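Here's the letter readout for the chains.
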Amino acid sequence: MKIQKDLQKNLNYIKSELQSDDVSFLDLSIGNKNGVLVFVNDLVSKNQVGELILRPAFSFKGKPTRKKLFGAFFSPEKTEVLTFDDFFNDLLLGNAMLIVDGIDGALSFGLKEFEKRAISEPPTSTVLKGPREGFVECLPVNVSLIRRRLKTPHLRFEHMTIGKYSKTPVAICYINGIADKNLIKTLKEKLNKIDIDAVLDSSYVSKFLGERDTSIFKQVGNTEKPDILAGKILEGRVAILVDGSPIVLTVPYLLIEDFQSPSDYYSSPYSATVVRLLRAFSVMLALFLPAVYVSAELFHLQLIPLSFLLTIVNSIKGIPLSPSYEMFFTLAIFEVLNEASVRMPKYVGMVVSIVGGLVLGETAVNAGIISAPTLMIVALSGICLYTVPEMEQTFSVLRLLFLLVAGTTGLYGLILSVSAFIIYLVSFENYDTPLCAPFSPLITADMKDGFYKGFIKEHEFRPQSIKNVNNRRMKIKK
């Protein structure tokens, strides 16, 4: 519906649609015509309204026209709006809207001012060396953080709105001349198909971007640090920024990304390589140690060294539960303590962790409910799980599945299930990018940033695992 020339009809329609006390209607005179300034109280800067709109409006002389009005105001962010749909969208985004009698349209002034969180280091990506800035919940601030790091005219931001009621601003970010155009086109099509009441966080959007809806593995990368995001889009990825969320999405996603830490790129390649290998070893322990222990205790005692077997036999005397039930029970207690420590207030959560880990564990062993080796294995598995925090939830589910298979079919069933798991991983593709690249398929040129962290001069070309239109990253002068 178009905005009409009759001021009173426009006001009646706007007030019928916006029956809310936080919407202000300010009457004013512009030359020889009446006008109304409409804005949401808590989203607009009152000082800028007075300086950039009211002062020029009262000093306006003569008959106002659309062209004269557009040049009369000092606001650097002003646009013409012709329909009520655009009028309401701009108004609820925090713009001040001016309608004047006799003009079939409105002026939109970008005078947004609202409370936002200060830029700080994200709790999920702390580093010893390197930048400590993190994204916040304000989209313009996040855009500025990326612009500060990539001062190039080839950096592109394409904006859209998603959500029937939330009207959430979403921005697609990429570097023109690096990102694959087919990837950008596919991503836009997926975002345009999203039809949902509200988008309150970027996780809402990520659910619509995966190509396997029932997959246990995530199919979209994410980060809270501008420097990491800049590095990813320089490799050819496309970022999705959602207003109201400090977590920025990236596609395509590779599994190896979660084994890489932000601090790896600001430390020695030797130490980064050792730490990455340590993370991979820790994940193997977290996933398979409980399952292998239970299968060996139930079906394959010959696999356990005699001295260790005697220790186990002595420790399980009087334990009322079978080895598999005992392991499940201990894992369940660990997960309950983990959830309680996360959900409770910070200092209470620390107390719960200490009481649960020390007092409850020791008491359970002394009472003969669980054995000491089981408690040690569950504790070690839980600690190792958090060396890759982004995959903690996925690996927790897989650990339980492997434990269930090992407790019912033994080591042979575990080997078969792991083989099926590997086949599933190597056949997984998202946006024409293999999830397990550069290991499957084997791309030797990309191994320099896998579990091995190469020197800076080894990164002359962009990763071949990710489609891009400009393969060269740097020129080595000899």
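Shown above is the structure to which this text applies.
Only a predicted model underlies this, so the values are computations on that prediction, with no experimental measurement involved.

A.B. asks: I tried to follow the overall build of the protein on my own but got confused; where do I start?
C.D. replies: Helix and strand counts for the protein come out as 14 helices and twelve strands. Seen along its three principal axes, the alpha-carbon backbone of the protein occupies a region of about 100 × 60 × 35 Å. The buried share of the protein, taken over its 478 residues, is 46%. Per element, the accessible surface of the protein, about 24900 Å² overall, is 61% carbon and sulfur. For the protein, the separation between the mean place of its 52 positive charges and that of its 47 negative charges on side chains is 8 Å.

A.B. asks: Honestly, the sheet that holds strand 6 (residues 155–162) in this entry has me stumped. Any pointers?
C.D. replies: By definition, the strands of a sheet pair up through backbone hydrogen bonds, in either a parallel or an antiparallel sense. Pairing within the open sheet is antiparallel, and its five strands lie in the order 6-7-9-10-8. The sheet terminates laterally at strand 6 and strand 8 (221–223), the two strands that pair on one side only. Pairwise comparison of adjacent strand axes, ignoring direction, gives a mean angle of 25° for this sheet. In the sheet, strand 8 pairs with strand 10 (residues 248–251) via three bridges, with the strands oriented antiparallel. From the neighbouring strand, Thr223 faces strand 10, where its bridge partner is Val248. With respect to the sheet, helix 5 (residues 139–149) is in contact with strand 6, strand 7 (168–175) and strand 9 (238–242), its orientation differing from that of strand 6 by roughly 165°.

A.B. asks: Explain the packing of helix 6 (residues 181–192) against helix 7 (residues 202–209) here, please?
C.D. replies: Geometrically, a packed helix pair is captured by the angle between its two axes and the distance between the axes. For the pair helix 6 and helix 7, the least separation of the axes is 9 Å and the interaxial angle reads 115°. Relative to helix 7, helix 6 is oriented roughly perpendicular. As for how helix 6 packs across helix 7, the hand of that crossing is right-handed. Two secondary-structure elements touch here, helix 6 through Leu187, Lys190 and Leu191 and helix 7 through Val205, Phe208 and Leu209. In the contact of helix 6 with helix 7, the residues fall into five nonpolar, no polar and one charged.

A.B. asks: Just checking my understanding: could you explain the nonpolar core for this structure?
C.D. replies: Soluble globular proteins tend to bury their nonpolar side chains together. Grouped together as the largest cluster of nonpolar side chains are 29 residues, with contacts concentrated most on Phe217, Leu255, Met391, Phe395, Leu398, Phe402 and Leu425. Put simply, the parts of the chain that give this core at least two residues each are helix 9 (269–298), helix 13 (372–385) and helix 14 (392–426). For this core, the element with the highest residue contribution is helix 14, accounting for eight residues.

A.B. asks: So what exactly am I meant to see when it comes to the pattern of salt bridges here?
C.D. replies: Taken as a whole, this structure holds 19 salt bridges when the rule is applied. The salt bridge involving Glu137 is made with Arg117; its shortest N-O contact spans 3.0 Å. Of the two residues, Glu137 sits in the loop between strand 5 (106–109) and helix 5 while Arg117 sits in the loop between strand 5 and helix 5, which places them 20 residues apart along the sequence. Where Glu390 meets Lys218, a salt bridge forms, and the shortest distance between an N and an O atom there is 3.5 Å. With Glu390 in the loop between helix 13 and helix 14 and Lys218 in the loop between helix 7 and strand 8, this residue pair connects regions lying 172 residues apart in the sequence.

A.B. asks: In this structure, what is going on with helix 6? I would like to understand it.
C.D. replies: Since there are 3.6 residues in each turn of an α-helix, residues three or four apart along the chain are aligned in direction. Counted at 1.5 Å a residue, the expected span for helix 6 with its twelve residues is 16 Å, and the 16 Å between its end C-alpha atoms agrees. Every buried residue of helix 6 is accounted for by Leu183, Ile184, Leu187 and Leu191. Considered in projection along helix 6, the buried side chains sweep an arc of 100° and stay on one side of the axis. Those residues of helix 6 that are exposed and angled more than 90 degrees off the buried face are Lys181, Asn182, Lys185 and Asn192.

A.B. asks: Any chance you could explain the environment of Pro463 here in plain terms?
C.D. replies: Mapped onto the elements of the fold, Pro463 is located in the segment after strand 12 (433–434). Excluding residues within four positions of it along the chain, Pro463 makes contact with Glu235, Asp446, Asn468 and Arg473.

A.B. asks: For this particular structure, what's the right way to read the sheet that holds strand 5?
C.D. replies: Ordered by their spatial adjacency, five strands build an open sheet running 1-2-4-5-3, and the pairing between neighbours is antiparallel. Of all the strands in the sheet, the pair left with one neighbour each is strand 1 (23–30) and strand 3 (78–81). On average, adjacent strands in this sheet sit at an angle of 25° to one another, irrespective of strand direction. Bridge analysis of strand 1 against strand 2 (residues 33–40) gives eight bridges, and the strand direction is antiparallel. Its bridge partner being in strand 2, Ser24 is matched across the sheet by Phe39. Along the sheet face, helix 2 (residues 46–58) touches strand 1, strand 2, strand 4 (96–100) and strand 5 and points at about 25° away from the line of strand 1.

A.B. asks: Hey, could you run me through helix 13 in this one?
C.D. replies: Compared with an ideal rise of 1.5 Å per residue, which puts 14 residues at 20 Å, helix 13 spans 20 Å between its outermost C-alpha atoms and is within 8% of the ideal. Those residues of helix 13 not exposed but buried are Pro373, Thr374, Ile377, Val378, Ser381, Gly382, Cys384 and Leu385. Mapping the buried residues of helix 13 onto a view down its axis gives an arc of 165°, with all of them on the same face. Facing away from the buried side of helix 13 by over 90 degrees, the exposed positions are Met376 and Ile383. If you follow the buried residues of helix 13, they end up packed against helix 9, helix 10 (306–315), helix 11 (323–343) and helix 14.

Conventions and cut-offs
- Residues numbered from 1 in each chain as written.
- Predicted model: local features only at pLDDT ≥ 70, side-chain atom pairs only at ≥ 80, totals over all residues.
- Heavy atoms only, no water.
- Helix = DSSP H or I, 4+ residues; strand = E, 2+ residues; numbered from the N terminus.
- Buried < 20%, exposed > 50% of the residue type's maximum accessible area, 1.4 Å probe, protein only.
- Areas by Shrake-Rupley, 256 points an atom, 1.4 Å probe, with all protein chains shown as cover.
- Lys, Arg positive; Asp, Glu negative; His and termini not counted.
- Charge placed at Lys NZ, Arg CZ, Asp CG, Glu CD.
- Pairing = 2+ DSSP bridges.
- Axes fitted to C-alpha atoms, helices over the stretch in contact; angles between N-to-C directions.
- Contact = heavy atoms within 4.5 Å.
- Parallel < 35°, antiparallel > 145°, perpendicular 65-115°, else oblique.
- Left-handed = near helix turned anticlockwise from the far one by under 90°.
- Nonpolar A, V, L, I, M, F, W, Y, C, P; charged D, E, K, R; others polar.
- Core = buried A, V, L, I, M, F, W, Y, C linked by side-chain atoms within 4.5 Å.
- Salt bridge = Lys/Arg side-chain N within 4 Å of Asp/Glu carboxyl O.
- Expected span 1.5 Å × (residues − 1).
- Arc of directions from axis to C-beta.

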